Amino acid sequence: MLCKYKDKMHLCMLMVLLLQLLSRTAAQSCAKSCGQKINTCSCHSTCESLRNCCADYKHFCLDIEPHSGSLLGGTDFKILNATFEQNINLTCRFNSEILTEGYVDESGVGHCITPLLYESGWISFEVSTDGVSFDRSGRWLSVHHSKLGPDYKITLVNATQWQYYGTPDVSGDLKMTWIPSLIKAERVNIELWGYNETGEAYSLNWEAEWKYLYTVGRDVPNSGVFSFTPQIAEKPYFLWDLGIIRVSPSTKPDGAQNVNALWSEEHAIAWHLEEAFRKDSAGWALEKCINWDREEKAMPNFLTEITDCPCTLAQARADTGRFHTDYGCDMEAGSICVYHPGAVHCVRAIQGSPEYGAGQQCCYDSSGAQVLTGDSMGGSTPDKKPPRVPGFSHWKYDVISFYYCCLWSDNCRYYFSHRPSSDCRTYRPPRVAAVLGDPHFMTFDGVSFTFNGKGEYTLVYSSDRELSVQGRTEPMRFENGSLAKATRLSSVAMREKDSDVIEVRLRGRGDELQVLMNQQVLSFSEQRWIDLSGVFVFSPKATNVTVMFPSGTGLEVRAGDGVMTLTVLLPHDLQNHTLGLLGTMNDDPEDDLSASNGALISLNSSALDIFTYCAGWAVTNETSLFTYDSTYLLNEYYYAPKHDPSFIPIFSVTEDPEDPLLEPVLKLCAGEGAWFCKYDALNMRSLDQGNATLLAFRTQASTKRDLEPVRSCGWLSPPKHGQKEGTLYLEGSKVTFWCHRGYSLYGSDERTCQADGEWSGEETHCVADDTLAIVLGSVGAVLALVIMLIAIVVYTKKQRKEAWKHQDDKVTYQQPGTHL
């Protein structure tokens, strides 16, 4: 044996140990272990940057392309960094229950087809090569269909023609286009699918239904273009008025589920409705509108629980924690507001109402004022938008009825009676705080200070909402690469209650931002808006990220000139419920420098005292929300003190007349934010740095001004049989009234919105002249009668008085009688 001789004993032991180590390492597999950190290696997403992945990490923890697509399904994605044998049975499973067929192409690349999903957000999926063991896994981003990019949908050419087909003067051929390479087939079928919801509304048996109706074009070339002349559908298909077009391989059966496919936008399928619609579309639509009105009256009233709109366009665009651009009316895209004529921009509430999941919409004109349905057909309309399939319920309960009542017929009064615009009488704008530049802090109550510590700190904490926002700072570098005695905000991590943890950080020394969800990098290459667990994230470009929580808390992160700017917006109901470096939000700036132990620091404290105070807000490893996925982060922040006591910044800068940079700095740094600008420019020896700080400060100041409270007196209706002039209802606004011919005005002809939120004057009425004459005549007759009665009463009293006086005279002058 090998170990027979003593001089070979050490070699034997070494070989045994080596075999044990290799055996143990081989046992450390990522099969069914993705996301976990194993003893000797890792299957966690951070393993690539830390370089400690298990050998089979890429084989079992899958990367895919594309990583997102419509919740309607049909996307063909390929599995990267893995090869498969041609003869295997590749099966894909989504959400641990929905099975779809996969396939292996001629290059050995595995593919999965995504299924119809009744939810948006990250969906887990698993892959099996034998149909039994699903040991490989990944995640798929299911996207709200309306937020899907146009390249990934069928385009309905001249969409207005599609949705008005059969109404007067609208006919001809309909045309659609798509990108052929997204359908892996030479020939395709063009199908119509309908959408409906069954069961009692808001009950447990209320379900969504997508149903294949019929094939419009069969076995046509996958050329990316198809035209057809619509025909009236047979019964019962023409009863479906909301639908969508699907293009899928012609080799698949009609209406086959979970196959490679592309979908159009949902739309009103006027083009296939019954003969009665084509003969009299307005009459047909009116009947539908009246039926909808009857059904709507039987459903719960959701209007009382939706939030009020911001009073001005500036408020609506600044309140990013609660409202987001409605892409159907976006001033950044040219204000093409088809459903809201007269408006230039609309926003929608991010969160649904608590019980019914209803949504709010708010529209504004070019002056920045609200456009209300009481004044204009273009007014904003709230959405019943119940919590079924995102977007499609909105079409069923809010949009198709708009076609019935307003677009296919002229009966908007029915629609607006159930979907009236909300004014802003109860709207309360959020409070705003910021971290910018070198870095400088601006609290919710308006206190400004500079803190150049290095570490990880609590910016905002609210136990009431279980909200935590943390900031990481790191030393800045001069242009020559040497370290400066100043820091910058380099990362922000946040969570509300049990939501996903979101971290936004600077990528290297550039201006790009990187977003992580639960320590995994999020890609915005395919989608700008991502729905996550308990949080929404929006990133229109690599330098801008907005994070929104259900409480209405919003965080905007911007990158520029090598620094990060953070703006935090908190709803008013967090008043008196915040702690951290951004202060106690309670309208009292005197307590904004409250230490973590409750001690107060004077606002007039020295820079060193403020530095010491801020250091006390350092987090711990137990409370930290940050990701440590590099040796640098581990050494500098995880294993090191959360506040680095060895880093001492420059607390002030001197304006040296001999400094050649001073004159251009003084010229640049003037007005609002001048001190911060001078500090950063002189400290970092950079006019660009000073200018970036100045612009960030002024942007922050502008946001704060936009969110100043505005008093509203609420909408005023015109009098019946009269009109009004004026559609502004904010403090100082005036509304004048007049009556139609044959009517006279009764009440105030002008009313002003007062500082107390009430209208001056009296309610205005218009009374018909003949009615007024009758009324006045009747009043005159009554007055005459009253006067006559009073005269009679007075005359009677006078006669009685004279009679009693005459009687008294008789008694006084009568001769005295004889005494007996």
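Residues numbered from 1 in each chain as written. Predicted model: local features only at pLDDT ≥ 70, side-chain atom pairs only at ≥ 80, totals over all residues. Heavy atoms only, no water.

## So, the overall build of the protein chain
Here comes step 1: Of the regular secondary structure elements, the protein chain holds 15 helices and 39 strands.
Here comes step 2: Judged by the C-alpha coordinates and their principal axes, the protein chain covers about 175 × 80 × 70 Å.
Here comes step 3: Going through the 820 residues of the protein chain one by one, you find that 50% of them count as buried.
Here comes step 4: Contacts in the protein chain between residues at least 24 apart in sequence constitute 60% of all its contacts with a sequence separation of at least 6. (Helix = DSSP H or I, 4+ residues; strand = E, 2+ residues; numbered from the N terminus. Buried < 20%, exposed > 50% of the residue type's maximum accessible area, 1.4 Å probe, protein only. Contact = heavy atoms within 4.5 Å.)

## Notes on the pairing of strand β11 (residues 174-177)
Here comes step 1: With burial as the criterion, only one face of β11 is covered, namely that bearing Leu 174 and Met 176; the residues Lys 175 and Thr 177 on the opposite face remain uncovered.
Here comes step 2: The pairing of strand β10 (residues 155-157) with β11 spans 3 bridges and is antiparallel. Residue Thr 155 lies in a different strand from β11, and its bridge partner there is Thr 177.
Here comes step 3: Relative to strand β14 (residues 225-228), β11 runs antiparallel, the two being bridged by 4 bridges. Residue pairing for β14: Thr 177 is matched across the bridge by Val 225. (Pairing = 2+ DSSP bridges.)

## Comments concerning unusual backbone geometry
Leaving glycine out, the prevailing phi sign among residues is negative, and the prevailing peptide bond configuration is trans.
Here comes step 1: Each neighbour pair has its own omega, and for Glu 65 with Pro 66 the value is -5 degrees, a cis peptide bond.
Here comes step 2: Checked against the element boundaries, Pro 66 lands in the loop between β1 (63-65) and β2 (68-70).
Here comes step 3: The phi dihedral of Asn 158 falls on the positive side, at around 55 degrees, and the residue is not glycine.
Here comes step 4: Inspection of the secondary structure puts Asn 158 in the loop between β10 and α4 (159-164).
Here comes step 5: Judged by its relative accessible area of 46%, Asn 158 falls in the partly exposed class.

## A few points about a negative patch on the surface
Here comes step 1: On the surface, Glu 479, Asp 511, Asp 561 and Asp 688 cluster together into a patch of negative charge.
Here comes step 2: The class of Asp 688 is exposed, set by a relative accessible area of 52%. (Patch = residues over 30% accessible without salt bridge, like charges linked within 9 Å, V, L, I, M, F, W, Y side chains within 5 Å. Areas by Shrake-Rupley, 256 points an atom, 1.4 Å probe, with all protein chains shown as cover. Salt bridge = Lys/Arg side-chain N within 4 Å of Asp/Glu carboxyl O. Lys, Arg positive; Asp, Glu negative; His and termini not counted. Charge placed at Lys NZ, Arg CZ, Asp CG, Glu CD.)

## Quick word on the pattern of salt bridges
Any two side chains of opposite charge can pair, given that their charged atoms come close.
Here comes step 1: Considering all chains together, one arrives at 34 salt bridges under this definition.
Here comes step 2: Its salt-bridge partner being Asp 587, residue Arg 431 comes within 2.9 Å of it at the nearest N-O pair. Of this pair, Arg 431 sits in strand β21 (residues 431-436) while Asp 587 sits in the loop between β34 (563-570) and α10 (607-615), and the two are 156 residues apart along the sequence.
Here comes step 3: A salt bridge links Arg 465 to Asp 573; its shortest N-O distance comes to 2.7 Å. Taken together, the residues Arg 465 in the loop between β24 (455-462) and β25 (467-477) and Asp 573 in the loop between β34 and α10 connect sequence positions 108 residues apart.

That's the geometry; what it means functionally is another story.
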